[in-house]
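Tertiary structure, described
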Amino acid sequence: MDKKLLTSVIFNNLRILHQVTPGDGYIFNYLWHYAREKDDFFDIYHLAFWWGAHHQPKNVMEIGARTGLSLAQLLSAYMDVSDVRVVLFDFWNDGISTPTLIKKHLNHLGIHTKVIEFYQGDSRHTVPEFMAKNGTRFDWILVDGDHSPEGAMNDLENAVKLVSEGGVIVFDDIVEFDGVKLMPTWNAFKQKYKERFEWNEDLHGKGVGWAVCRS
């Protein structure tokens, strides 16, 4: 991956979307990480755009969608999203993020939003309820919701049941920061499923790990 090029792309999108939601400080958080890591900087947004450009996943799931910035990076790499299914799970209770805001962000980038399904509530319940009614397997699953070790592992375990062959599970925020300590969770997950997935991670930011399903 050309990290420098990807950084240019993601910050361009962040600047555009910051005009829509100026009260959200995510761009400043990423600028802080970039100042620390320089051209080595890499995070979920980099991976999302790169994966969208190279793999064009047709079934997309995010557990922890917040304002849709990760999804915006992923779908920005598509020529056409009309045949993509997007399923999002979140509480949307932080005072900023809502499904309406996600649609607003994507529409501002010219991305079709009728393909998105929203499931609001605790992923410990909403994801199993979804699985009970749907047989879809997903080519891209982002786990970025509950940041407690127990909650994150629960989301990862559900992702294992939903990922397609050749699909990817992405786990964000594995670098210890602001009291979040998810590297032990990621390592335990790797150990349990070490033969089933191909494992990757990059720690030059908030830390992102991704596991590509072999079977």
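Here's a quick rundown of the structure. (Residues numbered from 1 in each chain as written. Predicted model: local features only at pLDDT ≥ 70, side-chain atom pairs only at ≥ 80, totals over all residues. Heavy atoms only, no water.)

Our focus in this paragraph is the overall build of the chain. The secondary structure content of the chain amounts to eight helices and seven strands. Considered along the principal axes of its C-alpha atoms, the chain spans approximately 40 × 35 × 35 Å. For the chain, buried positions account for 53% of its 215 residues. Looking at the chain alone, contacts between residues at least 24 apart form 73% of all its contacts between residues at least 6 apart. Total accessible area on the chain stands at roughly 9800 Å², and carbon and sulfur atoms take up 51% of it. Computing the positive centroid from 22 side-chain charges and the negative centroid from 29, the chain places the two 2 Å apart. (Helix = DSSP H or I, 4+ residues; strand = E, 2+ residues; numbered from the N terminus. Buried < 20%, exposed > 50% of the residue type's maximum accessible area, 1.4 Å probe, protein only. Contact = heavy atoms within 4.5 Å. Areas by Shrake-Rupley, 256 points an atom, 1.4 Å probe, with all protein chains shown as cover. Lys, Arg positive; Asp, Glu negative; His and termini not counted. Charge placed at Lys NZ, Arg CZ, Asp CG, Glu CD.)

Further remarks concern the sheet that holds strand β1 (residues 59-63). Reading across the sheet, the seven strands line up as β3-β2-β1-β4-β5-β7-β6 and stay open at both edges, with mixed pairing between neighbours. Strands with a single pairing partner mark the edges of an open sheet, and in this sheet they are β3 (116-120) and β6 (197-202). Recorded for the sheet is a direction-independent mean angle of 15° between the axes of neighbouring strands. Two strands pair when backbone bridges link them, and β6 and strand β7 (residues 208-213) are joined in this way by six bridges, in the antiparallel orientation. Within β7, the residue paired with Asn200 across the bridge is Trp210. With respect to the sheet, helix α4 (residues 69-76) is in contact with β1, β2 (85-90), β3 and β4 (138-143), its orientation differing from that of β1 by roughly 160°. Across the sheet, helix α6 (residues 123-133) is in contact with β1, β2, β3 and β4; its angle to β2 comes to roughly 150°. (Pairing = 2+ DSSP bridges. Axes fitted to C-alpha atoms, helices over the stretch in contact; angles between N-to-C directions.)

Once that is clear, we can look at helix α8 (residues 183-192). Turning to α8, its buried residues are Thr185, Trp186 and Phe189. One side of α8 carries all its buried residues, which in axial view fall inside an arc of 100°. Facing away from the buried surface of α8 by more than 90 degrees, the exposed residues are Pro184 and Gln191. On the buried face of α8, the contacting elements are α7 (149-162), β5 (163-172), β6 and β7. (Arc of directions from axis to C-beta.)

Further remarks concern the side chain of Asp202. Within the secondary structure, Asp202 is located in strand β6. Looking at Asp202, its side chain comes within polar contact range of the side chain of Lys3, at 2.9 Å. A distance of 3.0 Å separates a polar side-chain atom of Asp202 from the backbone nitrogen of His204. Filtering out sequence-adjacent residues up to four positions away, Asp202 remains in contact with Lys3, Phe42, Gly207, Val208 and Trp210. (Polar contact = N/O pair within 3.5 Å; in protein donor to acceptor, adjacent residues only side chain to side chain.)

One way to put it is that helix α3 (residues 44-55) packs onto α4 with a least axis distance of 6 Å and a crossing angle of 30°. With respect to each other, α3 and α4 are oriented roughly parallel. The way α3 lies across α4 gives a crossing that is right-handed. Contact residues: Ile44, Tyr45, Ala48, Phe49 and Gly52 in α3; Leu69, Ser70, Gln73, Leu74 and Ser76 in α4. Tallied by class, residues from the contact of α3 with α4 come to six nonpolar, four polar and no charged. (Parallel < 35°, antiparallel > 145°, perpendicular 65-115°, else oblique. Left-handed = near helix turned anticlockwise from the far one by under 90°. Nonpolar A, V, L, I, M, F, W, Y, C, P; charged D, E, K, R; others polar.)

Under the defined criterion, the tally for this structure stands at 23 aromatic pairs. With 5.6 Å between their ring centres and 45° between their planes, Trp32 and Phe177 make a pair best called tilted. In this pair, Trp32 is assigned in helix α2 (residues 26-37) and Phe177 in the loop between β5 and α8, connecting sequence segments 145 residues apart. The exposure class of Trp32 is partly exposed, given its relative accessible area of 45%. For Phe177, a relative accessible area of 29% gives the class partly exposed. (Phe/Tyr/Trp six-rings, centres within 6.5 Å; stacked < 30°, edge-to-face > 60°.)

Its volume calculated, the largest pocket comes out at about 700 Å³. Lining the largest pocket we find 35 residues, and of these Tyr26, Arg66, Asp144, Gly145 and His147 sit closest to its centre. Sorting the residues of the lining of the largest pocket by element identifies α2, α3, α4, β2 and α6 as the ones contributing at least two each. Element by element, the count of residues in the lining of the largest pocket is highest for α2, at three residues. (1 Å grid on protein atoms, 1.4 Å probe; cavity = no way out; pocket = protein on both sides within 12 Å on 5 of 7 lines; lining within 4 Å. Points joined across faces, edges and corners; volume = space filled by probe spheres on them.)

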